[in-house]
Amino acid sequence: MLTDTIWKNARLATMKGAATGAGDIGAVDNGVIAARDGRIVYAGPAADAPALDAREIVDCAGRWITPGLIDCHTHLIHGGDRAAEFEMRLEGASYEEIARGGGGIVSTMRATRAASEDDLVASALPRLDALIAEGATTVEVKSGYGLDGTSEIRMLRAARALGAARPVSIRTTFLGAHALPPEFAGNADGYIALLCDEVLPRVAQQGLADAVDAFCEGIAFSPEQTARMFEAAARHGLPVKLHADQLSNLHGAALAARHGALSADHLEHCDAAGIAAMARAGTVATLLPGAYYFVRETRLPPVAALRAAGVPIALATDCNPGTSPLTSLLLTMNMGATLFRLTVAECLAGVTAHAARALGLLADRGTLEAGKRCDLAIWDIERPAELVYRMGFNPLHARIWSGQ
């Protein structure tokens, strides 16, 4: 079989077991990967490989290969920063106090509305480059800081432009229901109506979103308002995700599951009923340890209960200017292990197979299997635990995106 590239003499973490719920990394000691036209045609033991030839053969010298990493929850596109609010939190102010005082998401809204599309792209590229430098090959990017039709669409266009500017797959999520803009103060229902009736149809018509998200929380939108957003998304054939049960239990996880959500994210206050609903629906639990750490949260997400129920657990940076200015999936894995007590296998699955599942992409990427995209990360490590164990150290040897 003639292929474009063969990577030989490699150790593989195929993550196939994680994708099927077996909970292991699918390690192959003497492995080979062959790719043609950007797709894997073989990944597995050298001893079982068919007769292969290639235009290029790469000797990996015993290095480990994982699927390219996937960051399935980011807010990369935004104007300004919130370093001043970080200082306020150090002095004792809570997230809710800052938000209710005109800070938080609304302060980023003002900076984002003032920024051009080119400005938004230029400011996001260094954040994206940091993720790429650690092996990320797919990155989800949300809107949600424009909070009006024009600005939200500008954000989504900027997010799409990132994928044209860099060799990376960008998945865009419409998060107009992120916060209530000042012009709709006291009229959340009116704002949701605007999003459902005017903004989302424009977004869908222009093909700018791959999914729809919302922030279901006391300082944001009610379960009823969130459900209206999800119903509108369904009318446009868009899957949904949810910022759920982060600061309180509004039963957001169960709401997400009822609407067949790809994922429910944060989940610190998720209860047993929400976990059971997610398990039945196949909704991924996306945990965001960067936000937990940065806002000095004390209530842990219910990891043991999620694990016991068989809910797939993804990890993501939640890169955003206010509560998780984090641009490292490697550090995210370390936080997932140290703060949430995830295992090495769970952390690796969280940024590969389960992250792909959280974006509705598991059939296409997230594991090393024939037929999937040839998105690889090649590492100078002796064992996969090093990817989770180290802090501030990047052992990436090479990153392959679509076979290149």
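This structure is a prediction, so every number in the text was calculated from the model and none was measured.

Asker: Requested: an account of the UniProt feature "binding site: Fe(3+)" (unreviewed entry) in the protein chain, with residues and values cited.
Answerer: UniProt marks H73, H75, H243 and D318 with the feature "binding site: Fe(3+)" (unreviewed entry), using the numbering shown here. These annotated residues cover 246 residues of sequence, and their C-alpha atoms all fall within 12.4 Å of one another, placing them together at a single site. Looking only at the residues we just named, the largest cavity is lined by H75, H243 and D318. With respect to the helices and strands, the residue H75 is situated in the loop between β6 (69-71) and α2 (83-90). With residues near it in sequence (within four places) discarded, H75 still touches K142, S143, Y145, L175, H178, H243, D318, C319 and N320. Of note is the side chain of H75, whose polar atom sits 3.2 Å from the side chain of H73. Looking at the element boundaries, H243 is found in strand β10 (residues 241-244). Those residues in contact with H243 that lie beyond four places of it in its chain are H73, H75, K142, L175, D213, A214, F215, C216, D265 and H266.

Asker: Hey, could you go over the sheet that holds β6 for me, with residue numbers and the actual values?
Answerer: Two strands in a sheet stick together by hydrogen bonds in their backbones, pointing the same way (parallel) or opposite ways (antiparallel). One open sheet holds the 8 strands; their spatial order is β6-β7-β8-β9-β10-β11-β12-β13, and the pairing between them is parallel. At either end of the open sheet lies a strand with only one pairing partner, and these are β6 and β13 (313-315). Ignoring which end each strand starts from, the neighbouring axes of this sheet average 25 degrees apart. Pairing between strand β12 (residues 284-287) and β13: 3 bridges, direction parallel.

Asker: Describe the nonpolar core, naming the residues involved and giving the relevant values.
Answerer: Ranked by size, the top nonpolar core spans 111 residues in total, and within it L162 and F174 carry the most contacts. Here this core gets 8 residues from one element, more than from any other, and that element is helix α7 (residues 188-205). Excluding anything up to four places from it in sequence, L162 contacts L76, I77, V121, A124, L125, L128, V141, V168 and I170. Counting 15 residues, the second largest nonpolar core, distinct from the first, contains W7, A10, I33 and L368.

Asker: An account of the packing of aromatic side chains is requested, with residue identities and associated values reported.
Answerer: With the rule as written, the count across this model stands at 4 aromatic pairs. A ring pair is formed by F86 and F294, whose centres lie 5.0 Å apart and whose planes are at 20 degrees; its orientation type is stacked. Residue F86 is found in helix α2, and its partner F294 is found in helix α11 (residues 289-294); the two are separated by 208 residues along the sequence. The class of F294 is buried, set by a relative accessible area of 18%. Ring centres 6.1 Å apart and planes at 25 degrees place the aromatic pair Y191 and F221 in the stacked group. Here F221 lies in the loop between β9 (211-216) and α8 (223-235) and Y191 lies in helix α7, a separation of 30 residues in the sequence. Here Y191 falls in the buried class, since its relative accessible area comes to 0%. Linked through ring pairs, F184, Y191 and F221 together constitute an aromatic cluster.

Asker: Summarise the pattern of salt bridges; cite the residues concerned and give the values.
Answerer: Summed over all chains, the structure comprises 18 salt bridges. As a salt-bridge pair, R63 and D380 come within 2.5 Å of each other at their nearest N and O atoms. A residue pair is termed long-range when its members are at least 10 positions apart, and R63 in the loop between β4 (53-59) and β5 (64-67) and D380 in the loop between β14 (376-379) and α16 (385-389) qualify at 317 residues. Look at R63 and you get partly exposed, because its relative accessible area is 21%. We classify D380 as partly exposed; its relative accessible area is 40%. One salt bridge connects E140 with K142, and the closest N-O pair in it is separated by 2.7 Å.

Asker: Would you mind going over the side chain of H178 in detail, with residue names and values included?
Answerer: Tracing the sequence through the fold places H178 in the loop between β8 (169-177) and α7. At 2.9 Å, the side chain of H178 forms a polar contact with the backbone oxygen of G144. Apart from residues lying up to four places away in sequence, H178 is in contact with H75, I105, G144, Y145, L147, F215, A220 and F221.

Asker: Kindly report on empty space enclosed by the protein, identifying the contributing residues and their values.
Answerer: Tallied over the full model, the rule gives 2 cavities of 30 Å³ or more. Put simply, the largest cavity is a space of about 120 Å³. Counted by class, the lining of the largest cavity contains 4 nonpolar, 7 polar and 2 charged residues. The calculated volume of the second largest cavity comes to roughly 40 Å³. Per-class residue counts for the lining of the second largest cavity are 2 nonpolar, 5 polar and 3 charged.

Asker: Help me get a handle on α7, residues and values and all.
Answerer: For α7, which comprises 18 residues, the first-to-last C-alpha distance of 24 Å matches the rise-based estimate of 26 Å (1.5 Å per residue) to within 8%. At V199, α7 shows its largest bend, some 40 degrees, and a proline, P201, comes one to four positions later. Listed as buried for α7 are A188, Y191, I192, L195, C196, V199, L200 and V203. If you follow the buried residues of α7, they end up packed against α6 (149-165), β8, β9 and α8. Of the residues one or two after α7, G207 is the one with positive phi, at around 65 degrees.

Definitions and limits used
- Residues numbered from 1 in each chain as written.
- Predicted model: local features only at pLDDT ≥ 70, side-chain atom pairs only at ≥ 80, totals over all residues.
- Heavy atoms only, no water.
- UniProt positions renumbered as here; feature names shortened; annotations may be inferred.
- 1 Å grid on protein atoms, 1.4 Å probe; cavity = no way out; pocket = protein on both sides within 12 Å on 5 of 7 lines; lining within 4 Å.
- Helix = DSSP H or I, 4+ residues; strand = E, 2+ residues; numbered from the N terminus.
- Contact = heavy atoms within 4.5 Å.
- Polar contact = N/O pair within 3.5 Å; in protein donor to acceptor, adjacent residues only side chain to side chain.
- Pairing = 2+ DSSP bridges.
- Axes fitted to C-alpha atoms, helices over the stretch in contact; angles between N-to-C directions.
- Core = buried A, V, L, I, M, F, W, Y, C linked by side-chain atoms within 4.5 Å.
- Buried < 20%, exposed > 50% of the residue type's maximum accessible area, 1.4 Å probe, protein only.
- Phe/Tyr/Trp six-rings, centres within 6.5 Å; stacked < 30°, edge-to-face > 60°.
- Salt bridge = Lys/Arg side-chain N within 4 Å of Asp/Glu carboxyl O.
- Points joined across faces, edges and corners; volume = space filled by probe spheres on them.
- Nonpolar A, V, L, I, M, F, W, Y, C, P; charged D, E, K, R; others polar.
- Expected span 1.5 Å × (residues − 1).
- Bend = angle between axes of the 7 residues up to and from the residue.

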